[in-house]
Amino acid sequence: MASISLRNICKVYPGNVPAVTDFNMEIPDKEFVVLVGPSGCGKSTTLRMIAGLEEITSGELYIGDRLVNDVAPKDRDIAMVFQNYALYPHMTVYKNMAFGLELHHTPKAEIKQRVTDAAKILDIEHLLDRKPKALSGGQRQRVALGRAMVRNPAVFLLDEPLSNLDAKLRASMRTELIKLHQRLGTTFVYVTHDQTEAMTMGDRISVMKDGFIQQVDTPQNLYDFPCNVFVAGFIGSPQMNFLDGTLEKDTKGYCVNVGGDRLYIDPEKVNAKMADYVGKAVKLGVRPEDLKDSPVYLGEHEDSVIETTVEVHELMGSEVYLYLEYHGQRLTARVAPDSRSRTGNTIKIALDNKKIHLFDAESEAAIMN
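The structure presented is a predicted model; accordingly, all values stated were derived computationally and were not measured.

**So, the overall build of the chain**
- The helix and strand tally for the chain stands at nine helices and 20 strands.
- The long-range fraction of contacts in the chain, counting pairs at least 24 apart against all pairs at least 6 apart in sequence, stands at 66%.
- For the chain, the exposed area adds up to about 17300 Å²; of that, 49% sits on carbon and sulfur atoms.
- Positive and negative side-chain charges of the chain, numbering 43 and 50 respectively, have mean locations separated by a distance of 8 Å.

**Focus on the sheet that holds strand 4 (residues 58–63)**
- As summarised here, the arrangement of the four strands in space is 2-1-4-5, forming an open sheet in which the pairing is antiparallel. Each edge of the open sheet carries a strand with a single partner, namely strand 2 (17–27) and strand 5 (66–67).
- Inspection of the sheet shows strand 1 (residues 4–13) paired to strand 4 by five bridges, in the antiparallel sense. What sits directly across from Leu6, in strand 4, is Leu61.
- Set on the sheet, helix 1 (residues 43–51) makes contact with strand 1, strand 2 and strand 4; between it and strand 1 the angle comes to about 115 degrees.

**Description of the packing of helix 2 (residues 93–103) against helix 3 (residues 108–122)**
- Running from N to C, helix 2 and helix 3 cross one another at 135 degrees; their axes reach a closest spacing of 10 Å. Of the possible angle classes, the one that applies to helix 2 and helix 3 is oblique. Regarding helix 2 and helix 3, the two cross each other, and that crossing is right-handed. In contact with Tyr94, Met97, Ala98, Leu101 and Glu102 of helix 2, helix 3 contributes Ile111, Lys112, Arg114, Val115, Ala118 and Ala119.

**Considerations on the layout of surface pockets**
- In this structure, the largest pocket encloses a volume near 650 Å³.
- Surrounding the largest pocket, 25 residues form its lining, Ile78, Ala79, Met80, Gly100 and Arg151 being those nearest its centre.
- Those elements that place two or more of their residues in the lining of the largest pocket are strand 6 (78–81), helix 2 and helix 4 (137–149).
- Counting residues per element, the lining of the largest pocket draws most heavily on helix 2, which supplies six residues.

**Topic: the side chain of Lys283**
- Relative to the helices and strands, Lys283 is located in strand 14 (residues 281–286).
- Within polar-contact distance, the side chain of Lys283 engages the side chain of Asp244 at 3.0 Å.
- Each residue touching Lys283, except ones within four places of it in the same chain, is listed here: Val229, Leu243, Asp244, His357, Leu358, Phe359 and Glu364.

**Examining unusual backbone geometry**
- That bond from Ser237 to Pro238 is cis: its omega, -5 degrees, falls within 30 degrees of zero.
- Of note, Pro238 is situated in the loop between helix 8 (229–234) and strand 11 (241–250).
- Phi angles above zero are rare outside glycine, and Asn8 is one such case at about 55 degrees.
- By the secondary structure assignment, Asn8 is in strand 1.
- Using a relative accessible area of 41% as the deciding quantity, one classes Asn8 as partly exposed.

**Describing the sheet that holds strand 11**
- In spatial order, the strands read 13-12-11-14-20; together these five strands make up an open sheet with antiparallel pairing. Taken across any chain shown, the strands that pair with only one partner, and hence form the sheet edges, are strand 13 (261–264) and strand 20 (357–360). Along the sheet, successive strands turn relative to each other by an average axial angle of 45 degrees, direction set aside.
- In this structure, strand 14 lies alongside strand 20, joined through four bridges in antiparallel fashion. By the bridge assignment for strand 20, Gly285 is matched with His357.

**Section: the pairing of strand 12 (residues 253–258)**
- Taken across its six residues, strand 12 has six buried, putting it largely inside the fold.
- Sheet analysis places strand 11 next to strand 12, joined by five bridges and oriented antiparallel. Paired with Lys249 across the strands is Tyr254, a residue of strand 12.
- Linking two consecutive strands that pair antiparallel, namely strand 11 and strand 12, is a turn of two residues.
- Note that strand 12 and strand 13 share four bridges and pair antiparallel. Bridging across to strand 13, Asn257 finds its partner in Arg262.

**Quick word on the state of the cysteines**
- For the structure on display, the rule yields zero disulfides.
- In this model Cys10 remains outside any disulfide bridge; the closest cysteine sulfur is found in Cys41, 15 Å from its own.
- Lacking any disulfide linkage, Cys41 is separated from the closest cysteine sulfur, that of Cys227, by 14 Å.

Reading the values: the criteria
Residues numbered from 1 in each chain as written. Predicted model: local features only at pLDDT ≥ 70, side-chain atom pairs only at ≥ 80, totals over all residues. Heavy atoms only, no water. Helix = DSSP H or I, 4+ residues; strand = E, 2+ residues; numbered from the N terminus. Contact = heavy atoms within 4.5 Å. Areas by Shrake-Rupley, 256 points an atom, 1.4 Å probe, with all protein chains shown as cover. Lys, Arg positive; Asp, Glu negative; His and termini not counted. Charge placed at Lys NZ, Arg CZ, Asp CG, Glu CD. Pairing = 2+ DSSP bridges. Axes fitted to C-alpha atoms, helices over the stretch in contact; angles between N-to-C directions. Parallel < 35°, antiparallel > 145°, perpendicular 65-115°, else oblique. Left-handed = near helix turned anticlockwise from the far one by under 90°. 1 Å grid on protein atoms, 1.4 Å probe; cavity = no way out; pocket = protein on both sides within 12 Å on 5 of 7 lines; lining within 4 Å. Points joined across faces, edges and corners; volume = space filled by probe spheres on them. Polar contact = N/O pair within 3.5 Å; in protein donor to acceptor, adjacent residues only side chain to side chain. Buried < 20%, exposed > 50% of the residue type's maximum accessible area, 1.4 Å probe, protein only. Disulfide = S-S within 2.5 Å.

The following block contains the structure:
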């Protein structure tokens, strides 16, 4: 097993096109780390540099105590699972899983044992004689995982391995991958653009944008204490609502003036930084679940109530999404299924003023963390 250390890693493509800039991260042994971000943010390039499939422009990469910048992929003790499975179509499942071991001249008896053990863990024992074209997407993904497992690598690298699966299968495979990580006790580095995968699977998440790390933290801390507007908007589904306003202070305390409405911030959320922002433009952030239309909630948060128009009412079964218009700005609220708010209604919505986030309007950095 092995830790991974990325120190000032940069990747610049020909034509002076930067893909990854000053990437620093320590990944302890046995941790499940997720690199998440939109397409083109540099997450897959980072993974490929760890694998040795992309040359590092500058910086140092250690796997365990060994500097591996110039070490060939086959000698890094890693295994990579790709988005497109990369199975050999003319080989059976057994041969696909055994192929890498055969190249390393592993004894036949040991190959059989390793393949059988991996197939049992992944529940694909009954598929060993089939070829990839006879398998479903989920089964192919399990074979790709099995091919990596039989090598007993120190590090698993997974590049959007679930993106080709349907929604139901993705959800079940997420669970299987978490169980697999727990069973193997190996370091996992997982790349995805899906923040739901990141939130449910990672011990820690590195959120990336334009080749830079924005924030590295546990899923819960990223959700509760985003460092900037990008992270706040990227983590969470539906995404955080943002309102443009001005920070003010009066005898009742700090508030954000949005469209003439004063939304007061809970005194426990106030910090020393906020004094510097009085009279300045800020962005107020609030998550959909912290906007409610119930009379009880409105009464509890009377210092942070706004009047909005319901543009769309969307019943989700266990909850309702209300898509709202407020002074030309769009908001989403997650409310109880017994909500009486309907499309076209003008309603009052209360913000939980203990859950409000504030961001600098220019730098977009968090003010209240």
